[in-house]
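Fold and contact review
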Amino acid sequence: HRVLTHTGEYQLITHGINKGEEEMFEVTLENGNTLECTLGHIFYTDRGWVPLREILVDTSKYHIISL
């Protein structure tokens with residue numbers, strides 16, 4: 001599998017890192033798709049890459065851009 005990185009490039013997933021347990025949040029996008037992620041998950045917005053924890057402070061401030 002490949003994943004889009006914060007640099008805008010797709011890279012192969014070669015391994016995972018166990019960071020323990022984290023609280024998960026279900027996010028519903030404007031197109032109706034949902035995903036589960038942590039507060040540290042970053043989204044590409046009209047203001048660049050922003051973690052969910054920052055978006056939740058003021059949801060009207062950011063517009064998530066679908067890639």
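To start, this report covers the structure provided alongside it. (Residues numbered from 1 in each chain as written. Predicted model: local features only at pLDDT ≥ 70, side-chain atom pairs only at ≥ 80, totals over all residues. Heavy atoms only, no water.)

Glancing now at the packing of aromatic side chains. Using the criterion set out here, one finds one aromatic pair in the structure. Taking the centre distance of 5.0 Å and the plane angle of 50° together, the rings of Tyr 44 and Trp 49 count as tilted. Judged by relative accessible area, Tyr 44 falls into the partly exposed class, the value being 32%. Taking NZ or CZ as reference, Arg 47 lies 5.8 Å from the ring centre of Tyr 62, over its face. (Phe/Tyr/Trp six-rings, centres within 6.5 Å; stacked < 30°, edge-to-face > 60°. Buried < 20%, exposed > 50% of the residue type's maximum accessible area, 1.4 Å probe, protein only. Lys NZ or Arg CZ within 6 Å of the ring centre and 35° of its normal.)

Looking at where Thr 45 falls in the secondary structure, it is placed in strand E5 (residues 42-45). A polar side-chain atom of Thr 45 sits 3.0 Å from the main-chain amide nitrogen of Arg 47. At a separation of 2.8 Å, a polar atom in the side chain of Thr 45 contacts the main-chain carbonyl oxygen of Gly 48. Residues within four places of Thr 45 in sequence aside, it is in contact with Val 50, Ile 55, Tyr 62, His 63, Ile 64 and Ile 65. (Helix = DSSP H or I, 4+ residues; strand = E, 2+ residues; numbered from the N terminus. Polar contact = N/O pair within 3.5 Å; in protein donor to acceptor, adjacent residues only side chain to side chain. Contact = heavy atoms within 4.5 Å.)

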